[in-house]
Amino acid sequence: GTVARAGDAAPVGADPSASAGRLAIVATTGVLADVTSHVAGDDAQVTALMPAGADPHTFEASARQLALMQEADLIVANGANLEEHLGGPLAEAARAGVPVFLATDHTETLTFGGHSHDERPETSEHDEHGPDEHGPDEHSQTSDGHDDERSADGRPIDPHVWTDPTRMADVVRALGERIGELSG
């Protein structure tokens, strides 16, 4: 598969006639676009919404990118409120009948346990830091005042699933099944 940026007319070196019959998949981030392109192979044209280096927490889609989402055969997003400003557009696309694959729905999620955004999330009850060592929980609200997605025990979910190969393997398996269903 080839990854295109939403601002590109077509992926570099692509034959426009080659996209006939292929799935049109929109991925929110470059990482997800790359993974999706490898999973889908020649069965899909994958477009990344966010340019390299964009902050997924603050990225807002253009009108053209919103249209691409509405026209897609599948949208691949991270979930767990990583793409904070794409929540509305993702919901609108889903209401319009576009399947939305959320990576965090297909793997175990970790939680932040009072750590700052740059520190590792809590993975067990045997954390070497006490709950009060880092001050208030920096993930209780996003910059625009919306609450982060939370686990059943009330802790904010760590949305950065791509940093863990084991969790990404779960996502890849589920994504492959979903693309297979759509290609079928």
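Before any of the text, the structure's been laid out above.
The structure presented is a predicted model; accordingly, all values stated were derived computationally and were not measured.

Undergrad: Any chance you could explain helix α3 (residues 87-95) here in plain terms?
TA: For an α-helix the count is 3.6 residues per turn, leaving residues at separations of three or four pointing the same way. All buried positions along α3 are accounted for by P89, L90 and A93. Relative to the axis of α3, the buried residues are bounded by an arc of 100° and lie together on one face. Among the structural elements, α2 (63-71), β4 (74-77) and β5 (100-102) are those in contact with the buried residues of α3. Following α3 by one or two positions, G97 has its phi on the positive side, about 100°.

Undergrad: Is there a simple way to explain the side chain of E84 in this structure?
TA: By the element assignment, E84 lies in the loop between β4 and α3. On the basis of relative accessible area, E84 is assigned to the buried category, the value being 16%. Here the side chain of E84 touches H57 through a polar contact of 3.3 Å, side chain to side chain.

Undergrad: Help me understand the pairing of strand β2 (residues 23-27) in this model?
TA: In summary, the side chains of a regular strand alternate between the two faces of the sheet. Most of β2 is tucked away, with four of its five residues classed as buried. Pairing geometry for β2 and strand β3 (residues 44-48), over five bridges, is parallel. From the neighbouring strand, A24 faces β3, where its bridge partner is Q45. Crossover handedness for the path β2 to helix α1 (residues 30-40) to β3: right-handed.

Undergrad: Would you take a moment to explain the side chain of T107 for this structure?
TA: Along the chain, the position of T107 falls in the loop between β5 and β6 (110-111). A polar contact of 3.4 Å, which involves the side chain of T107, links it to the backbone oxygen of R167. Polar contacts involving the side chain of T107 include one to the side chain of D170, which spans 3.0 Å. Not counting chain neighbours up to four residues away, the residues in contact with T107 comprise V161, R167, D170 and V171.

Undergrad: Would you explain the packing of α1 against helix α4 (residues 165-183) in this entry?
TA: Any two packed helices are characterised by how steeply their axes cross, that is the angle between the axes, and by the distance between the axes. Interhelical geometry of α1 versus α4 gives an angle of 50° and a closest axis separation of 10 Å. With respect to their mutual orientation, α1 and α4 come out oblique. α1 and α4 meet at a crossing whose hand is right-handed. In this structure, α1 uses V35, T36, V39 and A40 to contact α4, whose residues at the interface are M168, V172, L175, G176 and I179. Along the lines of polarity and charge, the residues of the contact of α1 with α4 split into seven nonpolar, two polar and no charged.

Thresholds applied
Residues numbered from 1 in each chain as written. Predicted model: local features only at pLDDT ≥ 70, side-chain atom pairs only at ≥ 80, totals over all residues. Heavy atoms only, no water. Buried < 20%, exposed > 50% of the residue type's maximum accessible area, 1.4 Å probe, protein only. Helix = DSSP H or I, 4+ residues; strand = E, 2+ residues; numbered from the N terminus. Arc of directions from axis to C-beta. Contact = heavy atoms within 4.5 Å. Polar contact = N/O pair within 3.5 Å; in protein donor to acceptor, adjacent residues only side chain to side chain. Pairing = 2+ DSSP bridges. Right-handed = clockwise from strand over helix to strand, strands pointing away. Axes fitted to C-alpha atoms, helices over the stretch in contact; angles between N-to-C directions. Parallel < 35°, antiparallel > 145°, perpendicular 65-115°, else oblique. Left-handed = near helix turned anticlockwise from the far one by under 90°. Nonpolar A, V, L, I, M, F, W, Y, C, P; charged D, E, K, R; others polar.

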